[in-house]
Amino acid sequence: MSRVVLRSLDLSDAPTLTAYRNHPEVARYQSWTLPYSLKEAAALITDMQGRTPGQEGWTQLGLADAGTGELLGDLAVRGVGARQAEIGFTLAPQAQGRGLASEGLGLLLTHLFGTLALHRVYASIDPRNGRAASLLCRAGFRHEGTTLESYLHRGEWTDDATYGLLAREWRARHAQEKPTL
């Protein structure tokens, strides 16, 4: 039984979302600007109401404790057409190091490859983010390549590492599991 669930973000999550998005180690490799305000969190949550993975544009989902409903982080999906999607993830500091991100990513991939029948899922990360790279590798993603100094991030030219996973690779690893979200 999973310790986490994926759910829609709720306006009551705004203070928690704001707190972890302002944490320096959490925000280090992310694209939002600092400081991240409660107003920005509420706007994001409002914008996500009614969105589901598979729609055009980014859809942000809450990663919550299955027992208490407490927000632990969030996962994002951006449909890119031709049965592909880009994903991203953020975890609050107090939830890190316990395998919760792996469980949440597993739930998301089950939905993307199972229910939505996607062909490929990929993530684009700063290669200095070793924890994100490890999470992706544990989930079966492979490093597809790194482009050097390919985007400007907070005033610094930054490398971009792409990790990808094909549906057939995911199915080979998870042949016994049933799609759930």
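Above this text sits the structure in question.
All of the points below concern the structure found in this document. (Residues numbered from 1 in each chain as written. Predicted model: local features only at pLDDT ≥ 70, side-chain atom pairs only at ≥ 80, totals over all residues. Heavy atoms only, no water.)

### Notes on helix α3 (residues 38-48)
And then number 1: Of all the positions in α3, only Ala 41, Leu 44, Ile 45 and Met 48 are classed as buried. Taken down its axis, α3 places every buried residue within 95° of arc, on the same side. Relative to its buried face, α3 has exposed residues pointing more than 90 degrees away, namely Lys 39 and Asp 47.
And then number 2: Looking one or two residues past α3, Gly 50 carries a phi angle of roughly 85°, positive in sign. (Buried < 20%, exposed > 50% of the residue type's maximum accessible area, 1.4 Å probe, protein only. Helix = DSSP H or I, 4+ residues; strand = E, 2+ residues; numbered from the N terminus. Arc of directions from axis to C-beta.)

### Focus: the pairing of strand β3 (residues 71-79)
And then number 1: Counting buried positions along β3 gives eight out of nine residues, so the element sits mostly inside the fold.
And then number 2: Across eight bridges, strand β2 (residues 57-65) lies against β3 in antiparallel orientation. Bridge pairing in β3 links Gly 62 to Asp 74.
And then number 3: Count of turn residues in the β2/β3 antiparallel hairpin: five residues, of which Gly 69 carries a positive phi of about 80°.
And then number 4: Pairing between β3 and strand β4 (residues 84-91): seven bridges, direction antiparallel. Across the sheet, Arg 78 pairs through a bridge with Glu 86, a residue of β4.
And then number 5: What sits between the antiparallel neighbours β3 and β4 is a turn of four residues, in which Gly 81 has the positive phi angle 80°. (Pairing = 2+ DSSP bridges.)

### Observations concerning the sheet that holds strand β6 (residues 142-153)
And then number 1: Ordered by their spatial adjacency, seven strands build an open sheet running β1-β2-β3-β4-β5-β7-β6, and the pairing between neighbours is mixed. Looking at the sheet topology across the chains shown, the edges are occupied by β1 (4-7) and β6. Across the sheet, the mean angle separating the axes of adjacent strands is 30° when strand polarity is ignored.
And then number 2: Looking at chain direction, β6 and strand β7 (residues 156-166) are connected through eight bridges and run antiparallel. The residue of β7 that forms the bridge with Gly 145 is Thr 162. (Axes fitted to C-alpha atoms, helices over the stretch in contact; angles between N-to-C directions.)

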